[in-house]
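Survey of secondary and tertiary structure
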Amino acid sequence: MYLPDEVEKILFTEEQLKARVKELGEQLTKEYSGRNPLFLCVLRGASVFFGDLIRNVECPLEIEFIKASSYVGTNSSGEVSVDGEMPNISGRDVVLVEDIVDTARTLSRLKALLMKEAPKSLKVAALLDKPSRRVVEGFKADYTGYEIDDLFVVGYGLDCDMKFRNLPYVGVLKG
Ligand code: IMP
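Described below are features of the structure shown in this document. What you see is a predicted model; the values in this text were computed from it and never measured. (Residues numbered from 1 in each chain as written. Predicted model: local features only at pLDDT ≥ 70, side-chain atom pairs only at ≥ 80, totals over all residues. Heavy atoms only, no water.)

Quick look at the overall build of the chain
- For the chain, the helix and strand inventory stands at three helices and nine strands.
- Each helix (α) and strand (β) of the chain, taken in turn from the N terminus, gives the series β-α-β-α-β-β-β-α-β-β-β-β.
- Seen through its C-alpha atoms, the chain measures out along the principal axes to roughly 45 × 35 × 30 Å.
- For the chain, the proportion of contacts with a sequence separation of at least 24, taken over those separated by at least 6, is 67%.
- Within the structure as shown, the chain displays about 8900 Å² of accessible surface, and the carbon and sulfur contribution to it stands at 48%. (Helix = DSSP H or I, 4+ residues; strand = E, 2+ residues; numbered from the N terminus. Contact = heavy atoms within 4.5 Å. Areas by Shrake-Rupley, 256 points an atom, 1.4 Å probe, with all protein chains shown as cover.)

A few points about helix 3 (residues 105-115)
- When we look at burial in helix 3, the residues that qualify are Thr106, Leu107, Leu110, Leu113 and Leu114. Mapping the buried residues of helix 3 onto a view down its axis gives an arc of 125 degrees, with all of them on the same face. (Buried < 20%, exposed > 50% of the residue type's maximum accessible area, 1.4 Å probe, protein only. Arc of directions from axis to C-beta.)

A few points about helix 2 (residues 47-54)
- Of all the residues in helix 2, the buried ones are Phe49, Phe50 and Leu53. Buried residues in helix 2, looked at end-on, bunch into an arc of 100 degrees, giving them a common side.

Let's talk about the site of the ligand
- Within the structure, the ligand sits among 17 residues, and Asp99, Thr103, Ala104, Thr106 and Val153 are positioned closest to it.
- At 2.4 Å from an oxygen atom of the ligand is found a side-chain nitrogen or oxygen belonging to Thr103.
- Protein coverage of the free-state accessible area of the ligand, which is 490 Å², stands at 93%.
- Of all the elements in the fold, those that place two or more residues in the shell around the ligand are strand 3 (62-72), strand 5 (93-101) and helix 3.
- Considering each element in turn, the shell around the ligand owes the most residues, four residues, to strand 5.
- The residue makeup of the shell around the ligand, split by class, is eight nonpolar, three polar and six charged. (Near = heavy atom within 4 Å. Polar contact = N/O pair within 3.5 Å; in protein donor to acceptor, adjacent residues only side chain to side chain. Nonpolar A, V, L, I, M, F, W, Y, C, P; charged D, E, K, R; others polar.)

Description of unusual backbone geometry
- Each neighbour pair has its own omega, and for Leu43 with Arg44 the value is -5 degrees, a cis peptide bond.
- Here Arg44 is to be found in the loop between strand 2 (38-43) and helix 2.
- The backbone phi angle of Ala104 is positive, close to 75 degrees, even though this residue is not glycine.
- By the element assignment, Ala104 lies in the loop between strand 5 and helix 3.
- The residue Met162 is not glycine, and still its phi comes out positive at about 75 degrees.
- One can find Met162 in the loop between strand 8 (153-154) and strand 9 (170-173).
- A residue is classified by how much of its surface remains accessible, and Met162, at 51% relative accessible area, is exposed.

Here it is in structure tokens:
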């Protein structure tokens, strides 16, 4: 298996991720049955999770992408930027798909921006959550894969300086 020197240990294996994402997909299938939701992927980190998640949701969904970034290296810059055009979400049941909730600055900002576009509903699905790092008090995703400790993780779409997104597992970066 490809285990780069920078990765200290594997936190969630490919098999564990597959099983958990299937469960999340089943929950979403129940919630959105009979509806036509719009799944909105937050690029780039959520891309791998998004690709797996939507294939586990059994309803006529549509997909869109939004680009937001808030990190430089392993330290949060505190800045959130949204690039490009806002997708048309007016009147839609939107599921915003993110890789990880950390301080929650990114998602709270994005949610506020998206709410201005008058979606019918807006829910958040995040693969990982680091509750101990929260800056935006009380923020919680509607669907969460795993809660983790204050660790910097990479793989399954998550990066450090744009690297390691291709790892099929979630691993902890060496400190
Ligand atoms: P927040 O705004 O602090 O919640 O940060 C959210 C963004 O920071 C995520 O979408 C990730 O891109 C990035 N991030 C936070 N923690 C990690 C991590 O452990 N590994 C990789 N990226 C992370």
